[in-house]
Amino acid sequence: MTPTDSTPDEGPLGSSHAELIAEIAHRFTPRPSDPHRHLRALPSRSPRRSARPVLVAVAHGSRDPAALATALRLLDQVRAQRPGLDVRLAHLDLNEPRLDEVLGDLPRSGRSDVVLVPLLLGRGFHVRVDIPEQLARHPHLDAAVAPPLGPHPLLAEALQVRLAEAGWDEPETVRLRRREARDAVVLAASGSRDPASVKDAQTQALLLAARLHVPVVPAFVSAAAPTVTQAVAALCARGYRRIAVSSYFTAPGDFARLAAGAAPWLVAAPLGAQEAMAALVLERFDRAAAGDRVMAAAQAV
């Protein structure tokens, strides 16, 4: 289901989820001077051969050791769901091995098939520029770059799991009470100066709202607005009383801790390693391996 396929519930002041998101985003978000400043072309690739390509999962990297441990557990789940698949982890920064090293270690006899799956949640600088530029330094690879993980319905499922673990009530059993209590969720994301990344977070908020049947407003820890604190305040001003923070981060780290610190009620853990996340990694891998590049980072607007 896409956001346009559903009709969001009305909020206490009569505005829909999409209208609520648009109102709060308009209030806090400046307009970019050049919305296409990070566009780059991905390296061209020849038609895929029948051999199964290597999956290289590209994480951002973090000083928090829990982030690396989370990525390793996630890839263990990917291997469990797809036995025999060659799955490797690479990082853009802060952790080893780095992407350039992983790509350089792939076989140089003939051309090596590889699919890069960014373990990132939107189309920011790393997806649009950094990954394609690093890949271009390895012309021996017959490579495809999958879109980032988000937005996607499987992420909404994974976010709902984390909210339930934190104490969020099941919607079918308490939907009426929730409307009376005027519950809402702030989807706390990292943030980016790239408007496409902000748009991705807004789309993911609508996908989560469709599952939870309450308003979900995206907010950002850095580089974009509204902040989590601003989003919480705006929802309070509109009459919402129980406001949960959903951590739209792939793993623990400083951003997740900053978002949690602004939570007025309950806060969910980051997405982490769970079955829906592993299934999404494989879904992105399969589509890119088959040549489906409709959402390829350099072509998405």
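Just above sits the structure.
Reference entry: report on the structure contained in this document. (Residues numbered from 1 in each chain as written. Predicted model: local features only at pLDDT ≥ 70, side-chain atom pairs only at ≥ 80, totals over all residues. Heavy atoms only, no water.)

1. Here's the deal with the packing of helix H2 (residues 65–81) against helix H10 (residues 275–289)
Interhelical geometry of H2 versus H10 gives an angle of 70 degrees and a closest axis separation of 9 Å. As far as their axial angle goes, H10 and H2 are roughly perpendicular. Taken as a pair, H2 and H10 cross one another with a handedness that is right-handed. On H10, the residues that touch Leu74, Gln77, Val78 and Gln81 of H2 are Glu275, Met277, Ala278, Ala279, Val281 and Leu282. In terms of residue class, the contact of H2 with H10 is made up of seven nonpolar, two polar and one charged. (Axes fitted to C-alpha atoms, helices over the stretch in contact; angles between N-to-C directions. Helix = DSSP H or I, 4+ residues; strand = E, 2+ residues; numbered from the N terminus. Parallel < 35°, antiparallel > 145°, perpendicular 65-115°, else oblique. Left-handed = near helix turned anticlockwise from the far one by under 90°. Contact = heavy atoms within 4.5 Å. Nonpolar A, V, L, I, M, F, W, Y, C, P; charged D, E, K, R; others polar.)

2. As for the environment of Val185
Here Val185 shows up in strand S5 (residues 183–189). Sequence separation of Val185 and Ser246 is 61 residues, and the distance between their C-alpha atoms is 6.7 Å. Not counting chain neighbours up to four residues away, the residues in contact with Val185 comprise Trp168, Leu208, Leu212, Val214, Pro215, Val216, Val217, Leu235, Ala244 and Ser246.

3. Quick notes on unusual backbone geometry
Residue Pro151 is bonded to the preceding Gly150 through a cis peptide linkage, with omega at -5 degrees. Residue position: Pro151 is located in the loop between strand S4 (141–145) and helix H5 (153–166). In the segment running from Ala225 into Pro226, the intervening peptide bond is cis, with an omega of 5 degrees. Relative to the elements of secondary structure, Pro226 occurs in the loop between strand S6 (216–220) and helix H8 (228–237). Phi is positive for Ala223, close to 70 degrees, though the residue is something other than glycine. One can find Ala223 in the loop between S6 and H8.

4. A few points about the nonpolar core
Nonpolar side chains tend toward joint burial in soluble globular proteins. With 50 residues, the main nonpolar core has Leu55 and Leu149 as its most contacted residues. The element contributing the most residues to this core is H10, with nine residues. The residues touching Leu149, leaving out its near neighbours within four places in the chain, are Val117, Pro118, Leu119, Leu120, Leu121, Leu155, Met277, Leu280, Val281 and Arg284. By size, the runner-up hydrophobic cluster in this structure holds 18 residues, among which are Leu99, Val102, Val114 and Ile131. (Core = buried A, V, L, I, M, F, W, Y, C linked by side-chain atoms within 4.5 Å. Buried < 20%, exposed > 50% of the residue type's maximum accessible area, 1.4 Å probe, protein only.)

5. Regarding the side chain of Ser247
Mapped onto the fold, Ser247 is located in strand S7 (residues 242–247). Reaching out from Ser247, the side chain makes a polar contact with the backbone oxygen of Ala268 at a distance of 2.6 Å. Once residues lying within four places of it in the same chain are set aside, the contact partners of Ser247 are Leu159, Ala188, Val267, Ala268, Ala269, Pro270 and Leu271. (Polar contact = N/O pair within 3.5 Å; in protein donor to acceptor, adjacent residues only side chain to side chain.)

6. A look at the pattern of salt bridges
Summed over the entire model, instances satisfying the criterion amount to 15 salt bridges. Between Glu96 and Arg98 there is a salt bridge, with the nearest N and O atoms lying 3.8 Å from each other. On the accessibility criterion, Glu96 (52% relative accessible area) is exposed. The network of salt bridges with shared partners includes Asp64, Asp254 and Arg257. (Salt bridge = Lys/Arg side-chain N within 4 Å of Asp/Glu carboxyl O.)

7. Concerning H8
For H8, the set of buried residues is Val228, Ala231, Val232, Ala234 and Leu235. Take H8 and look down its axis: the buried residues cluster within an arc of 165 degrees, on one side only. Exposed positions of H8 whose direction lies more than 90 degrees from the buried face are Thr229 and Ala237. With its phi angle positive at about 105 degrees, Gly239 sits one or two positions after the end of H8. (Arc of directions from axis to C-beta.)

8. A look at the sheet that holds S5
Note on sheets: strands pair through backbone hydrogen bonds, and any given pair is parallel or antiparallel. Spatial ordering of the open sheet is given by S6-S5-S7, a layout of three strands whose pairing is parallel. Single-partner strands in this sheet number two, and they are S6 and S7. In this sheet, adjacent strand axes meet at a mean angle of 30 degrees when their direction is disregarded. Packed onto the sheet, H5 meets S5 and S7 and runs at close to 125 degrees relative to S7. (Pairing = 2+ DSSP bridges.)

9. Quick look at the pairing of strand S1 (residues 54–59)
Buried residues dominate S1, accounting for six of its six residues. Covered by surrounding structure in S1 are Val54, Val56 and Val58 together with Leu55, Ala57 and Ala59, the residues of both alternating faces. Summarising the sheet, S1 and strand S3 (residues 112–118) pair through five bridges and their orientation is parallel. Within the sheet, the bridge partner assigned to Val54 lies in S3 and is Val114. Across five bridges, S1 lies against strand S2 (residues 87–91) in parallel orientation. Residue pairing for S2: Val56 is matched across the bridge by Arg88. Read from S1 through H2 to S2, the crossover connection turns out right-handed. (Right-handed = clockwise from strand over helix to strand, strands pointing away.)

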